Amino acid sequence: MTLVNLMDAVPMGLAPGLDPSSVKVIRMHGLPLREESHPSPEALLVLDGHLELDVCGSPVSLSKGQLYVLPAGTPHTARRGSHGTLAIVQLQEGLTPA
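Residues numbered from 1 in each chain as written. Predicted model: local features only at pLDDT ≥ 70, side-chain atom pairs only at ≥ 80, totals over all residues. Heavy atoms only, no water.

(A) Fine view of the environment of L44. Note on placement: L44 falls in strand β2 (residues 42-55). For the pair L44 and V89, spaced 45 residues apart in sequence, the C-alpha separation works out to 6.6 Å. When sequence neighbours within four positions are dropped, the list of residues in contact with L44 reads L51, L53, Q66, L67, Y68, L70, L86, A87 and I88. (Helix = DSSP H or I, 4+ residues; strand = E, 2+ residues; numbered from the N terminus. Contact = heavy atoms within 4.5 Å.)

Have a look at this one:
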């Protein structure tokens, strides 16, 4: 397994379009969050646990290892019952994951 430090990856060109300051890792504790949207696409990766999303009024369930990419401007919220660890990556506008 190769370890890539995102702080080093951007200048080296290993992660084009990724700003290291746009990566967050959070713990979910089962409480719902207020609806939000972002001006750029957002990738959500469940590292452990379970994420219950509401995306444009539709439920989406994600488990460990699953990735969900929200297009720019998409209203979304974490619903009650979401728990575990979530990695959130704000992507630059126009950048879509392969």
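Now that the structure has been shown, the text picks up again.
(B) View of unusual backbone geometry. Look at C56: it is not a glycine, yet its phi comes out positive at around 55°. Along the chain, the position of C56 falls in the loop between β2 and β3 (58-63). For C56, a relative accessible area of 54% puts it in the exposed group. (Buried < 20%, exposed > 50% of the residue type's maximum accessible area, 1.4 Å probe, protein only.)

(C) Spotlight on the environment of T77. With respect to the helices, strands and loops of the structure, T77 is situated in strand β5 (residues 76-78). Accessibility expressed as a relative area gives 13% for T77, which makes it buried. C-alpha separation for the pair T77 and G57, spaced 20 residues apart in sequence, amounts to 9.3 Å. Residues contacting T77, with those up to four places away along its chain left out, are L33, R34, E35, E52, L53 and D54. Side-chain polar atoms of T77 contact the backbone oxygen of L33, separated by 2.2 Å. (Polar contact = N/O pair within 3.5 Å; in protein donor to acceptor, adjacent residues only side chain to side chain.)

(D) The arrangement of the confidence of the model for the chain in detail. Residues at a pLDDT of 70 or more form 72% of the chain, whose mean pLDDT is 80. Here helix α1 (residues 6-12) stands out as the least confident element of the chain, with mean pLDDT 47; β3 is the most confident, with 96. The low-confidence segment residues 9-14, where pLDDT is below 50, has 7 contacts with residues more than four positions distant or belonging to other chains. (pLDDT = per-residue confidence, 0-100.)

(E) Region of interest: the pattern of salt bridges. Summed over the entire model, instances satisfying the criterion amount to 2 salt bridges. Between D48 and R27 there is a salt bridge, with the nearest N and O atoms lying 3.6 Å from each other. Separated by 21 residues along the polypeptide, D48 in strand β2 and R27 in strand β1 (residues 23-29) bring together distant segments of the chain. By relative accessible area, D48 is classed as partly exposed at 30%. (Salt bridge = Lys/Arg side-chain N within 4 Å of Asp/Glu carboxyl O.)

(F) Quick look at the side chain of H76. With respect to the helices and strands, H76 occurs in strand β5. By relative accessible area, H76 is classed as buried at 4%. Among the polar contacts made by the side chain of H76, one reaches the side chain of E42 at a distance of 3.1 Å. One polar contact links the side chain of H76 to the main-chain carbonyl oxygen of T74, over a distance of 2.9 Å. With near-sequence residues (within four places) excluded, H76 lies in contact with R34, E35, E36, S37, H38, E42, D54, V55 and L70.

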